[in-house]
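Architecture at a glance
Below, each chain spelled out in residue letters.
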Amino acid sequence: QVQLVESGGGLVQAGGSLRLSCAASGRTFSIYAMGWFRQAPGKEREFVAAISWSGGWTYYADSVKGRSTISRDNAKNTVYLQMNMLKPEDTAVYYCAGERRYTDDISRPREYDYWGQGTQVTVSS
């Protein structure tokens, strides 16, 4: 099993920045890729970004492309999501997730095997 713990959420004004962290523990050698998702009240869970555990590729949702950067530090078993130029519509609970094998659609939540508990991001206008 793999345990994921997010941190770094909070309240920020529009135009500000936040860096979310996701620390992985347990059988991290089983991880193929890590992703970030978000879920606003009354909405479905939405893909944000993903990165291979080796760091060889990254992938972003159009809604955050150009404003966000996903990265990882394998020595710390930690994945980061740097978010800049935040907008009120970025307000959501942000979750990190891990998957054990290749998938042809990295943006589907059901492809992921491990989930963190989430961290709240609130962007005020």
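Structural data are supplied above this passage.
In this report, the structure presented in the accompanying data block is examined.

Definitions and limits used
- Residues numbered from 1 in each chain as written.
- Predicted model: local features only at pLDDT ≥ 70, side-chain atom pairs only at ≥ 80, totals over all residues.
- Heavy atoms only, no water.
- Helix = DSSP H or I, 4+ residues; strand = E, 2+ residues; numbered from the N terminus.
- Rg over C-alpha atoms; globule rule 2.2 N^0.38 Å.
- Buried < 20%, exposed > 50% of the residue type's maximum accessible area, 1.4 Å probe, protein only.
- Contact = heavy atoms within 4.5 Å.
- Areas by Shrake-Rupley, 256 points an atom, 1.4 Å probe, with all protein chains shown as cover.
- Lys, Arg positive; Asp, Glu negative; His and termini not counted.
- Charge placed at Lys NZ, Arg CZ, Asp CG, Glu CD.
- Salt bridge = Lys/Arg side-chain N within 4 Å of Asp/Glu carboxyl O.
- Core = buried A, V, L, I, M, F, W, Y, C linked by side-chain atoms within 4.5 Å.
- Disulfide = S-S within 2.5 Å.

What follows concerns the overall build of the protein. For the protein, the helix and strand inventory stands at zero helices and 11 strands. Ordering the α and β elements of the protein from the N terminus gives β-β-β-β-β-β-β-β-β-β-β. Against the globule reference of 14 Å for 125 residues, the protein gives a C-alpha radius of gyration of 13 Å, in line with a compact fold. Across the 125 residues in the protein, those meeting the buried criterion constitute 46%. Considering only contacts in the protein between residues 6 or more positions apart, those separated by 24 or more positions represent 57%. Accessible surface, the protein: about 6,400 Å² in total, of which carbon and sulfur atoms supply 47%. Of the side chains in the protein, 14 bear a positive and 12 a negative charge, and the two mean positions are spaced by 4 Å.

Let's shift gears to unusual backbone geometry. Notably, Asn77 is not glycine yet its phi reads approximately 50°, a positive angle. We classify Asn77 as partly exposed; its relative accessible area is 23%. The residue Met85 is not glycine, and still its phi comes out positive at about 50°. Tracing the sequence through the fold places Met85 in the loop between β8 (78-83) and β9 (92-99).

Applying the stated criterion across every chain, the model contains nine salt bridges. Between Glu111 and Arg108 there is a salt bridge, with the nearest N and O atoms lying 2.5 Å from each other. On the basis of relative accessible area, Arg108 is assigned to the partly exposed category, the value being 26%. Connected through shared salt-bridge partners, Arg38, Glu46, Arg67 and Asp90 make up one network.

A word on the nonpolar core. If you look at the biggest cluster of nonpolar residues, it comprises 36 residues, and the most contacted ones within it are Leu4, Met34, Trp36, Ile70, Leu81, Met83 and Tyr94. Residue assignment for this core shows that the elements contributing at least two residues are β1 (2-7), β3 (18-26), β4 (33-39), β5 (46-52), β8, β9 and β11 (119-124). No other element matches β5, which puts five residues into this core. Ignoring any residue separated from it by four or fewer positions in sequence, one finds Leu81 in contact with Leu18, Arg19, Leu20, Trp36, Val48, Ala49, Ser68, Thr69, Ile70 and Tyr94.

This paragraph deals with the state of the cysteines. Enumeration according to the criterion identifies one disulfide in this entry. Disulfide partner of Cys22: Cys96, at an S-S distance of 2.0 Å. Across the S-S bond linking Cys22 and Cys96, the dihedral sits near 50°, which makes this disulfide right-handed. Here the residue Cys22 occupies a position in strand β3, and Cys96 occupies one in strand β9, the gap between them amounting to 74 residues. For the pair formed by Cys22 and Cys96, the shared burial category is buried.

No statement about biological role is implied by the geometric values presented.
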